[in-house]
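Here is how the chains run, residue by residue.
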Protein chains: 2
Amino acid sequence: MSNVDALPRNAANHVPLTPLGFIAWSAYVYPERIALIHGALRQTWHDTYLRCRRMAAALQHWGVARGDVVAVLAPNTPALYEAHFGVPMSGAVLNALNTRLDAPTLAYILDHGRAQVLLYDSEFAPLVRDVIAQATHPIRVVRIEDALFAGEHGDFGDIDYETWLSDAVVADDGAAARHVGRAFDTVADGTRSDAGPADAGPADAQAGPPAAVPSGPSGLPQDYSPPDEWDAICLNYTSGTTGRPKGVVYHHRGAYLNSTGNVIACGMPRHAVYLWTLPMFHCNGWCFAWTLAALAGTSVCMRRVEAGPIFDAIVDHNVGFFSAAPVVLGMLINAPAAVQRRAPHPVQVVTGGAAPPAAVIEAMEALGVGVSHLYGLTETYGPSIVCAWHDDWDALDLTARAAIKARIGVRKLNLEHATVMDDGMQPVPADGVTMGEIMVRGNTIMKGYLHDAKATEAAFAGGWFHTGDLGVMHPDGYIEIKDRAKDIVISGGENISTVEVEGVLYRHPDVLEAAVVARPDATWGETPCAFVTLKAGRDTDAESILAFCRAHLARFKVPKTVVFGDLPKTSTGKIQKFLLRERARAGGTD
Amino acid sequence: MSNVDALPRNAANHVPLTPLGFIAWSAYVYPERIALIHGALRQTWHDTYLRCRRMAAALQHWGVARGDVVAVLAPNTPALYEAHFGVPMSGAVLNALNTRLDAPTLAYILDHGRAQVLLYDSEFAPLVRDVIAQATHPIRVVRIEDALFAGEHGDFGDIDYETWLSDAVVADDGAAARHVGRAFDTVADGTRSDAGPADAGPADAQAGPPAAVPSGPSGLPQDYSPPDEWDAICLNYTSGTTGRPKGVVYHHRGAYLNSTGNVIACGMPRHAVYLWTLPMFHCNGWCFAWTLAALAGTSVCMRRVEAGPIFDAIVDHNVGFFSAAPVVLGMLINAPAAVQRRAPHPVQVVTGGAAPPAAVIEAMEALGVGVSHLYGLTETYGPSIVCAWHDDWDALDLTARAAIKARIGVRKLNLEHATVMDDGMQPVPADGVTMGEIMVRGNTIMKGYLHDAKATEAAFAGGWFHTGDLGVMHPDGYIEIKDRAKDIVISGGENISTVEVEGVLYRHPDVLEAAVVARPDATWGETPCAFVTLKAGRDTDAESILAFCRAHLARFKVPKTVVFGDLPKTSTGKIQKFLLRERARAGGTD
C-alpha cells in the first residue's frame, strides 16, 4: 500500500518534532501553575513562556537567525532555564557553557561554535572579560543579574537581561525604542575593543525584521516550530578529558524524544517537581529542562549545590525527582545530621557517571530517597541506558540490590538499540564476562561533532555510535560498564577493569575516593596503580589498602602501587585519569 | 549553523519511529511480565513478542510484503492484540475490522483495501463466508479459535491460527514443512470458488523468502523497523454515518507519537493494567494497544462488554485504566447492585463520543472510577483533545465539575495544534459562544483517505484537518463541542446546538437516550425534533418533556416535536442522525 496510497506529508499531518511545543502547551493549558522556583521567585508557565518569546524576539532584533549560536554561562538559574526555550525559539542554537571551565577553554568554545551572543550570570563577570578578550570574533553580551547572587554584579557596559527582554516587547509593540546592546569586537591580537552600540557586523541589529509575538486565542503567544526537525537545537561541548572539547550537536527531534522518553523512563507524573542539582549545561540537564515543560511541572533552581539547601528544597517544595552525580549523593550522606531532612513524600534520584555503591544506596534510602542508575554521554542527549527495575528485586537484600543497580541496564524506550560489541562489531556473548564496547543507535544520538568530520565519522563507524566505554552483557540483557576503553589495564596479557578495582577500594572503610590507572611495568607491561583519597582523620597506610584488595580481588588485579592524595577532576567532576596516568608514568617502571 | 554543520542523518542517529520498538523493548526488559490476560490465559511479553514475530514470518511466507493489507475480524482477544504488532512486523498494514458491520460493507472494505489476508474469530464464520463470497478478489483466510468462545467454531477448511503460527516457526527453522493455507478465489459473479491450497496469485506462498527470526543477545528475536516512518501501519475505516466507509491510513510515526502521548496524557505508570472495553478495531483501541507495550503493561482482554465481567476484571486484575463510550458507563451504572464491585485501588476511565453527564460522573465516582473526557476521530488516531484537569477544580461541586468535563478540552501534547475556526479559517473569538469548526494539525493526523484524493484534499484544505465538528473556544482555551457540522438546527436564522438540547433532555429523570435533529418547517426553516427513549417502566408524555425543556432552554431551542422509541445506531454505537432526519422529514412540515 505504501506504493499505492499516494498520501504525502502536508501541513496538516506533519509538523517537525520540537520540545518547544511543550512550553507552548504548558503555558496554554496550565498558565497559572508554577514553572520556576528560585529563592522567593515563583514564576508561572504563562510568564515563563512570555519571557522566552521575548528572548527570541530580542535575539531576532540583534539579527540572530536560524542556525546561529547563542551561548549562556550561568548556574542553574531561571535565566538559563528560559534560554532552553528562548534561544531555539529564535531559530538559534543554545550553547550552555560549563561554568567551571577556564577562560582559554571558554574562548576556544565560543570561537569554535562562532557564538553570536553570550548571556552570562554576573558572578562570572571577571571570567567573561577574559573570555571576550581571548575570543577572536565579535560577540554581543547580555548580563544576567540574579537576585540570589550575593557578590558584586560586574557590570561592564553590557546590557542587563531584564532590560533586554523588556525592550524586545516594546519593539514588538511597534514602538520606536529599539536597543542594540553592546558588542565586544575583538581583534586578532586578543585586545578587546569595546565597540559601543553595534551597527554592523554579524549580529547587526538592523538585519532582521522585528519579531512578532502574535497572540493566540487566549492572548498567549503562538507556537514556534523549526522548519525541519533535524535543525540543530543545542550545542554541548564535551568536558575534554582527552584533548580539545568537541562540539556535540543536538537536533529538535532528538530533544523531543529524549525529554518525553524521560517521562516514561522515570515514571514522572504531570506537575512533577524537579530539583536542579544537575547542571543544566550538562547535556541540557539530561533534557529534563524540556521534560518539565512536557509535564507542566515545577523546576526548583539552585545556584549552589549544597546539602542543606537540597534537603530544604526537597521537603519545602515537595520535590519528587532530582538527578545527581555520585559526588552529590556523597555530600548529602555525609552532611551533618542537623541539616539532613527526610521528606514525608517519595523522592527519586537518578545518578550516573559511576555505579552507586551499596553504602550510598543504603544511606540514601535511609534519607527517604530511592536511587536509580543510568548511563549516558553528551553524545546521547544524556540518559540513554537505564537500570530498569523489576518489582521482585525489591525483596532482595541490599548487597544483591546494589549489585543489580551497579549495572547501567537497558536502552531507554526512546533509544532504539544498545548493545556490547567486539572489535569485529559483533555482539559479545551475553555471559556477563566477555568485554566489548558499548554501542548505541537511535533517534537520541547527536547529529555529530561540529566542524569535525573525522571525529564524527569515527564515532559513527559501522552505523553505530561508539561510546568508548567497555562493558559486558549479562544473560538477562542488562549491560554493565567495566571501563573507559582507554582506562583498561592490561597486565601480563590479562585485562583488568579499573572500575572493578576501584569498586573494591571504595568498599574500604577509610577510602573517600579512588581511581586506578595503568602504570608501565617492565615485567607485566602494565600494572594497576591506585590513587586514593582518605576520609578526614584517617591515616590508613598502603599495606592496609593492599591487604584489603588481596582479600577481595584476584591476585593479578591487586594494585602494585598506592598513592595517597586529592584526585584531579574535570569541571564536571570527572576524575582526570590522563593526569593520573602521567603521574603513574612519572613514577618510573619497576 | 544548520547551513554549516553538515551533519546529515546516518544509520546510528536516525531510526524510523515505530511502535514496534515498544514490544521489542518490553520483551527484552520484562520478558516474564504478563502482557495479556484472557480467561485463564496469562501470556508473557516474551511469548507475545515471539508469537508476533511468528505471525510476521507466517505472513511473509504467504508473500505478504511491505504495504499489503492484512485484515482481522475479531473481538478484543489476544489474537487481535498480537495482530497490532505481528502484521506491521511483516511490513504489512493492519486493517482491524468492525465486527458489527454487515457482509456487504465488510466485503466493500476488503475490496477497497485489497486485503491479501483475513484473520477472523471463529464466532464470525458464517459472516466471513458471506464476506468472502461477496468480495471480488482472492483473500487468504486464517481462523482464530478463541478458547473463550462458547459457540460452534465454524471451520470451513481454512487454516487454524495456532497451526499457522507454529508452522511459521518450523519453516523458519529451515525444516521442509511449509504450509500454504487456503485461498478463497472469488469470481465476478460473486460465486465463491474454494481454490484449495493456493499456489498462485497475489499471495503466492512461494513468492517471498522465508522470514528469519534472528536471535538477539538474550535469545530474543531482533527488532523490526520500517524503512520509513511514513510507511502505513494501519488502515481503519470510518463508521460511515454519511455514506461509504472511508479508509483512514495511519503511519508508524503517528502511532509511535500517539501511543507515547497517551502515557503522558493519562499519567499511566509502568506496568499499567488496562481493560479492553473499547474495541481494538476502533482507532486501534485509541492506540492503547501500543501504549501498553511502551509500558510493559498488562492488557485484560474481553470478548463481550458486560457489566459483571468488567467489575470482576477491574477488581481481580487490579485494572487501573479503561476507555469506554458513554453507553458502557451507563451499563455499569445501571447494573444490578449484585454485580457492581468497588475497586480498592484508583481506577480511571477515559470516555469520548459525548460529554459525560453529571449523573454519570457522580455515579462512576461512587463506584470508585474517575471519569476523564476526551475527543478524537478515526482520522486523529483516536484521542487528540483531552479535558486536561486542574487540581483546583477538585474543590468544585459536581455540577461545576460536570460542566468543565463536558468540554473536550485542549490538544494532547502529541497533537501540535487544535483550534476552532470560522468559514474564513480564522480563529473564532475565545468567548465560549461563537461557533466554528474544530480544526487540528499535527503528527497524529492520518496520512489521508485511501484511494480517495478528493476527500483527502477536502479534509486537509488550508493546511488543517477539518473535523466536521462544531464547537466554541472558551476564554481559558478549552474547546467545547457543540455539534456535528451537519447536525446543527437553524431555526429562524438562529443556530441551535442539538448537543445542548440533548444535554437538557438527558437531565430529565425519565430519559434514557435522546437525539435531536432538524425538522423542516415552513415558518422557521427548521425546528428541533427530539427523539427520546424512556427508561424502562416510565411512561412520561411529550408535554412533560417539553415543559422540562422550556424550564431549561431558551424558547427557540425547545423542540417542537417529541418522538418516543429506540434510536437507530451505527455498529460503533453512534446514533444515526441521518435516519432520524429522514424520519423527521417524513413527518412533513408544519
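Residues numbered from 1 in each chain as written. Chains lettered and ligands numbered in written order. Predicted model: local features only at pLDDT ≥ 70, side-chain atom pairs only at ≥ 80, totals over all residues. Heavy atoms only, no water.

Looking at the environment of L580(B)
All names here are of chain B.
Part 1: Structurally, L580 is set in helix α17 (residues 577-586).
Part 2: The buried category is assigned to L580, whose relative accessible area is 0%.
Part 3: Sequence separation between L580 and R519 is 61 residues, and the spatial gap between their C-alpha atoms is 9.5 Å.
Part 4: The contacts of L580, once residues within four sequence positions are left out, are A515, V517, F531, P568 and I575. (Helix = DSSP H or I, 4+ residues; strand = E, 2+ residues; numbered from the N terminus. Buried < 20%, exposed > 50% of the residue type's maximum accessible area, 1.4 Å probe, protein only. Contact = heavy atoms within 4.5 Å.)

Some thoughts on the packing of aromatic side chains
Residues and elements named next belong to chain A.
Part 1: Tallied over the full model, the rule gives 24 aromatic pairs over all chains.
Part 2: An angle of 35° between the planes, with centres 6.3 Å apart, marks the rings of Y161 and W164 as tilted. Within this pair, Y161 and its partner W164 are both found in helix α6 (residues 161-172), separated by three residues, close to a single helical turn.
Part 3: On the basis of an interplanar angle of 70° and a centroid distance of 4.8 Å, the ring pair of Y274 and W276 is categorised as edge-to-face. In terms of burial, Y274 and W276 fall into one category: buried.
Part 4: These aromatic residues form a ring-pair network of at least three members: W45, Y81 and F85.
Part 5: Geometry around W464 places R441 over its ring, the cationic atom sitting 5.4 Å from the centre. (Phe/Tyr/Trp six-rings, centres within 6.5 Å; stacked < 30°, edge-to-face > 60°. Lys NZ or Arg CZ within 6 Å of the ring centre and 35° of its normal.)

Topic: helix α11 (residues 326-333) of chain B
Part 1: Listing the buried residues of α11(B) in full gives V328(B), L329(B), G330(B) and L332(B).
Part 2: Buried-residue contacts for α11(B) involve α10 (307-316), β14 (321-324), β15 (347-351) and α12 (358-366) of chain B.

Considerations on the pattern of salt bridges
Residue and element names in this part refer to chain A.
Part 1: Counting across every chain of the model gives 44 salt bridges over all chains.
Part 2: Across the salt bridge formed by R51 and E82, the nearest N and O atoms sit 2.7 Å from each other. On the criterion of sequence distance, the pair formed by R51 in helix α2 (residues 45-61) and E82 in helix α3 (residues 78-89) is long-range, its members being 31 residues apart. Here R51 and E82 have matching classes, each one buried.
Part 3: Among the ionic pairs, E123 bridges to R303, the shortest N-O distance being 2.6 Å. One end of the pair, E123, is in the loop between β5 (115-121) and α5 (125-134); the other, R303, is in the loop between β13 (298-300) and α10 (307-316), and 180 residues separate them in sequence.
Part 4: The exposure class assigned to E123 is partly exposed, which follows from its relative accessible area of 22%.
Part 5: What you see here is one network of salt bridges that share partners, running through D121, E123, D146, R303 and R304. (Salt bridge = Lys/Arg side-chain N within 4 Å of Asp/Glu carboxyl O.)

Examining the sheet that holds strand β17 (residues 382-386) of chain B
Residues and elements named next belong to chain B.
Part 1: Judged by pairing direction, the sheet is mixed, and its nine strands sit side by side in the order β2-β1-β13-β12-β14-β15-β16-β17-β18 without closing on themselves. Strands at the two margins of the open sheet, each flanked by one partner only, are β2 (41-44) and β18 (410-411).
Part 2: For β14 and β15, the ladder comprises four bridges, and the chain directions are parallel. Note that in β15 the partner of F322 across the bridge is V349. (Pairing = 2+ DSSP bridges.)

Section: empty space enclosed by the protein
Part 1: Considering all chains together, one arrives at eight cavities of 30 Å³ or more under this definition.
Part 2: Within this model, the largest cavity holds a volume of roughly 100 Å³.
Part 3: Looking at the lining of the largest cavity residue by residue, the classes come out as seven nonpolar, four polar and three charged. (1 Å grid on protein atoms, 1.4 Å probe; cavity = no way out; pocket = protein on both sides within 12 Å on 5 of 7 lines; lining within 4 Å. Points joined across faces, edges and corners; volume = space filled by probe spheres on them. Nonpolar A, V, L, I, M, F, W, Y, C, P; charged D, E, K, R; others polar.)

Quick notes on the environment of K454(B)
Part 1: The residue K454(B) is located in helix α14 (residues 453-459) in this model.
Part 2: Considered as a pair, K454(B) and M439(B) are 15 residues apart in the sequence and their alpha carbons are 18 Å apart.

Considerations on the nonpolar core
Part 1: Counting residues in hydrophobic clusters, the biggest one holds 211 residues, and the most contacted among them are Y81(A), W164(A), Y81(B) and W164(B).
Part 2: Setting aside residues up to four positions removed in sequence, Y81(B) forms contacts with L36(B), W45(B), W276(B), M280(B), A289(B), L292(B), A293(B) and S299(B). (Core = buried A, V, L, I, M, F, W, Y, C linked by side-chain atoms within 4.5 Å.)

With respect to the packing of α10(A) against helix α11 (residues 326-333) of chain A
Residues and elements named next belong to chain A.
Part 1: α11 packs onto α10 with a crossing angle of 85° between their chain directions and a minimal axis gap of 9 Å. The angle between α10 and α11 falls in the class roughly perpendicular. Contacts between α10 and α11 pair A307, I310 and F311 from the former with V328, M331 and L332 from the latter.
Part 2: Residue composition of the contact of α10 with α11, grouped by class: six nonpolar, no polar and no charged. (Axes fitted to C-alpha atoms, helices over the stretch in contact; angles between N-to-C directions. Parallel < 35°, antiparallel > 145°, perpendicular 65-115°, else oblique.)

Points about the interface of chain B and chain A
Part 1: Facing 83 residues of chain B, the contacting portion of chain A comprises 83 residues.
Part 2: Interface area, chain B with chain A, both sides summed: about 6500 Å², of which 56% is carbon and sulfur.
Part 3: The tally of links between chain B and chain A comes to four salt bridges.
Part 4: A salt bridge links D391(A) to R33(B), with the shortest nitrogen-to-oxygen separation between them at 3.4 Å.
Part 5: At the boundary of chain B and chain A, one finds 30 residue pairs in polar contact (both at pLDDT 80 or more).
Part 6: Residue assignment for the side of chain B that touches chain A shows that the elements contributing at least two residues are α1 (20-29), β10 (232-237), β11 (247-251), α7 (252-266), β18, β20 (436-441), β21 (448-449) and β22 (465-473) of chain B.
Part 7: The element that contributes the greatest number of residues to the side of chain B that touches chain A is α7(B), accounting for seven residues. (Buried area = accessible area lost by both parts, 1.4 Å probe. Polar contact = N/O pair within 3.5 Å; in protein donor to acceptor, adjacent residues only side chain to side chain.)

Points about the relation of the copies chain B and chain A
Part 1: Between chain B and chain A, the superposition needs a rotation of 180° and an axial shift of 0.0 Å, giving an RMSD of 0.1 Å. Both copies are brought into coincidence by an operation consistent with a two-fold rotation axis.
Part 2: A high fraction, 100%, of the interface residues of chain B reappear at the interface in chain A, so the copies pair face to face through one surface. (Least-squares fit on C-alpha atoms with pLDDT ≥ 70 in both.)

Quick word on unusual backbone geometry
Residues and elements named next belong to chain B.
Part 1: For R114, which is not glycine, the phi torsion reads 55° and is therefore positive.
Part 2: Assignment of secondary structure puts R114 in the loop between α4 (103-113) and β5 (115-121).
Part 3: R114 sits in the partly exposed class, given a relative accessible area of 44%.
Part 4: The phi dihedral of A296 is positive, around 50°, even though this residue is not glycine.
Part 5: With respect to the secondary-structure elements, A296 resides in the loop between α9 (288-294) and β13 (298-300).
Part 6: With a relative accessible area of 0%, A296 lands in the buried category.

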